[in-house]
Amino acid sequence: MCGSCYFKALNQNAELRSRLNRIHSESIICDQVVSVNIIPSPDEQVANESRLSMSESVSEFFDAQEVLLSASSSENEVKFFDASTLTASDRKFGLKKASDDESYISDVSDNISEDNTSVADNISRQILNGELTGGAFRNGRRTCLPAPCPDTSNINLWNILRNNIGKDLSKVSMPVELNEPLNTLQHLCEEMEYSELLDKASETDNPYERMVVLIAAFAVSGYCSTYFRAGSKPFNPVLGETYECIREDKGFRFFSEQVSHHPPISACHCESKNFVFWQDIRWKNKFWGKSMEILPVGTLNVMLPKYGDFYVWNKVTTCIHNILSGRRWIEHYGEVTIRNTKSSVCICKLTFVKVNYWNSNVNEVQGVVMDQEGKVVHRLFGKWHEGLYCGVAPSAKCIWRPGSMPTNYELYYGFTRFAIELNELDPVLKDLLPPTDARFRPDQRFLEEGSLEAAAAEKQRVEELQRSRRRYMEENNLEHIPKFFKKVIDANQREAWVSNDTYWELRKDPGFSKVDSPVLW
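Residues numbered from 1 in each chain as written. Predicted model: local features only at pLDDT ≥ 70, side-chain atom pairs only at ≥ 80, totals over all residues. Heavy atoms only, no water.

Student: Which parts of the structure should I look at to understand the nonpolar core?
Tutor: Nonpolar side chains in soluble globular proteins generally cluster together in the buried interior. Counting 73 residues, the largest nonpolar core has I215, F254, F277, W313, I338 and L350 as the members making the most contacts within it. Per-element accounting of this core gives the leading share, 10 residues, to helix α9 (residues 207–221). Among the nonpolar cores identified, the runner-up in size contains 11 residues, and I265, A267, Y503 and W504 belong to it. (Core = buried A, V, L, I, M, F, W, Y, C linked by side-chain atoms within 4.5 Å. Buried < 20%, exposed > 50% of the residue type's maximum accessible area, 1.4 Å probe, protein only. Helix = DSSP H or I, 4+ residues; strand = E, 2+ residues; numbered from the N terminus.)

Student: Please explain unusual backbone geometry as it appears in this structure.
Tutor: Most peptide bonds adopt trans geometry, and most residues besides glycine take a negative phi value. In the segment running from H262 into P263, the intervening peptide bond is cis, with an omega of 0°. Within the fold, P263 resides in the loop between β5 (252–260) and β6 (265–272). Cis rather than trans, the peptide bond between A393 and P394 has omega equal to 5°. Along the chain, P394 turns up in the loop between β15 (387–390) and β16 (397–400). The backbone phi angle of N408 is positive, close to 60°, even though this residue is not glycine.

Student: Help me understand helix α11 (residues 442–449) in this model?
Tutor: The α-helix advances 3.6 residues per turn, and as a result positions three or four apart in sequence lie on the same side. Here α11 lies mainly inside the structure; 6 of its 8 residues are buried. Within α11 the residues assigned to the buried category are P442, D443, Q444, R445, L447 and E448. Among the structural elements, β2 (179–183), α7 (184–190), β3 (233–235) and α12 (452–475) are those in contact with the buried residues of α11. (Contact = heavy atoms within 4.5 Å.)

Student: Whenever I open this one, the pattern of salt bridges confuses me. Can you help?
Tutor: Should their charged atoms come close, side chains of opposite charge can pair. One pass over the full model with this rule turns up 26 salt bridges. Residue E196 is joined to K250 by a salt bridge in which the shortest nitrogen-to-oxygen separation is 3.4 Å. You can see E196 sitting in helix α8 (residues 196–201) and its partner K250 sitting in the loop between β4 (242–247) and β5, a full 54 residues away along the chain. With relative accessibility at 31%, the residue E196 sits in the partly exposed group. In this structure, E448 engages R445 in a salt bridge whose closest nitrogen and oxygen atoms are separated by 2.7 Å. Pair noted here: E448 and R445 are both in helix α11, with a separation of 3 residues, about one helical turn. Given the relative accessible area of 2%, E448 is considered buried. The exposure class of R445 is buried, given its relative accessible area of 16%. (Salt bridge = Lys/Arg side-chain N within 4 Å of Asp/Glu carboxyl O.)

Student: When you look at the side chain of D426 in this model, what are you seeing that I'm missing?
Tutor: As for its placement among the helices and strands, D426 is situated in the loop between α10 (417–422) and α11. Given the relative accessible area of 15%, D426 is considered buried. Here V428 takes part through its backbone nitrogen, which lies 2.9 Å from a polar atom of the side chain of D426. (Polar contact = N/O pair within 3.5 Å; in protein donor to acceptor, adjacent residues only side chain to side chain.)

Student: Explain the pairing of β16 to me, please; I cannot follow it from the model alone.
Tutor: Successive residues of a regular strand alternate their side chains across the two faces of the sheet. Across 3 bridges, β15 lies against β16 in antiparallel orientation. Within β16, the residue paired with C390 across the bridge is K397. The hairpin formed by β15 and β16 contains 6 residues between the paired strands, and G391 there has a positive phi angle of roughly 120°. (Pairing = 2+ DSSP bridges.)

Student: Is there a simple way to explain the environment of F235 in this structure?
Tutor: One can find F235 in strand β3. Assessed through its relative accessible area of 1%, F235 is described here as buried. Linking F235 and Q444, residues 209 residues apart in sequence, is a C-alpha distance of 7.5 Å. The contacts of F235, once residues within four sequence positions are left out, are V176, N179, E180, P181, L182, N183, T184, R441, D443, Q444, L447 and K459.

Student: For this particular structure, what's the right way to read the state of the cysteines?
Tutor: Linking two cysteines covalently through their sulfur atoms gives a disulfide. Taken as a whole, this structure holds 0 disulfides when the rule is applied. Cysteine C346 remains unbridged, with the sulfur of C348 as its closest cysteine sulfur at 8.3 Å. Its relative accessible area of 6% is what places C346 among the buried residues. Cysteine C390 shares no disulfide, and the gap to the nearest cysteine sulfur, in C348, comes to 9.7 Å. We classify C390 as buried; its relative accessible area is 14%. (Disulfide = S-S within 2.5 Å.)

Student: Any chance you could explain the environment of R253 here in plain terms?
Tutor: Locating R253 in the fold gives a position in strand β5. Residues R253 and W504, spaced 251 residues apart in sequence, show a C-alpha to C-alpha distance of 9.4 Å. Within polar-contact distance, the side chain of R253 engages the side chain of E271 at 2.8 Å.

Student: Explain the packing of α11 against α12 here, please?
Tutor: What describes two packed helices is the angle between their axes and the distance between those same axes. Axis separation between α11 and α12 bottoms out at 8 Å; the angle between their running directions is 165°. On the basis of the axis angle, α11 is roughly antiparallel to α12. Relative to α12, the crossing made by α11 is left-handed. Where α11 abuts α12, its residues P442, D443, F446 and L447 lie against L452, A454, A455, E458, K459, R461 and V462. Residues belonging to the contact of α11 with α12 are distributed by class as follows: 7 nonpolar, no polar and 4 charged. (Axes fitted to C-alpha atoms, helices over the stretch in contact; angles between N-to-C directions. Parallel < 35°, antiparallel > 145°, perpendicular 65-115°, else oblique. Left-handed = near helix turned anticlockwise from the far one by under 90°. Nonpolar A, V, L, I, M, F, W, Y, C, P; charged D, E, K, R; others polar.)

Student: Just to check I follow, could you spell out α12 for this structure?
Tutor: If you check α12, its first and last C-alpha atoms are 35 Å apart, about what 24 residues at 1.5 Å a residue would give, namely 34 Å. Elements that come into contact with the buried residues of α12 comprise β2, β3 and α11. One or two residues past the end of α12 sits N477, with phi positive at roughly 55°. (Expected span 1.5 Å × (residues − 1).)

If you want it as structure tokens, here you go:
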């Protein structure tokens, strides 16, 4: 009996191992092994927050006002799949991933679309000819920051914020210790970390499947890097500041510019042989006593030249909780509507669910892809920091999941591997970048290197230089004109900023040495 039980147990163990190996192989994305970050339970992120008393919970969420509920929302027509019904075993082992031959969707818009089609063709040619190179990082990119993040326990935020409740915090100067060594322009580039989803979408003929990958995956993926970043804020770019990023490994080139200071507007443009991505975002920060909301206003755009698709969508509200005491944690909530402006075949709606007293599920995302008649074609669910699934559990397919976090990430601002690389300045790049590039910004560089006193002094100097430039322009009735973006009126009669197609031409030869650039620092 004991011997037969022993061999039976061995057989069951072998069978279980085989099943787990098969499930693991099915969860590999794009024929490559994807490192999956084993993230603590969502309950661990909010710790005691999910067990607050009724009065504490109500007061916590009363001061962070509900916003960004789309007036055009049709949520009453659709019943979302309840991802909370998934068990732990369902989430880990019962869900499959999309097979490699499955697809996702997109759209396009008149003049901008035609310009960007030619741009994509040009990028394709440059990649084939070896012209799309950064000319640097031949020895590989760095895997760790020069110094860990500083201790901020001695900073009394209440003394800084108590006179600014309900105000726009973008106009309030903060201690440099509260920053991370990246700025908003680099954050826009960070949203391209999973650009391979757009590459996959450009190879997918089915418009419904393109929508699933492009939006449900790419749009959600832009939030996952924020999960461990509630403890610090990016530097605010000064007017005229720029940033570029060329990634031969991902096949894209990116540049961004701060085109307006008040209101603060950041614009970016990214090109590859498969897609063109651009956006301009206006940020508003509101401090409500216990929490701070970041309200983005603007549109994200993706064009897929192969299909003539032009997709547009919005961002959701971000809220940082426990600003003054307790463990800070970050939340995204609101509705995202993704449309293909060149086709009415389908539409995607994603809901980033807001936590409240009667719904303690954090970071939850639910969504649907619907056809022209409003019929649901695909159901989506997941968590923006863990992954996104298409279908109904337990047979749903994983269409995206984040990569693993680097070693000791909590000591280095919670940066992902991609974020660690963004501010790296290879010596070869110095002669190729414009002097306005964020990598030359001294306060940000000193903070990255752990020199807090120097960073604080430089931050104050850079901010005073910007104030002096603004006073001079106002006294002389001058208007700032961005170098690399131009203002246009989009189809919704809204002001938008798009590339003026000069950045890469100026970079070629002799570079930016002959370009008249402002002295920013």
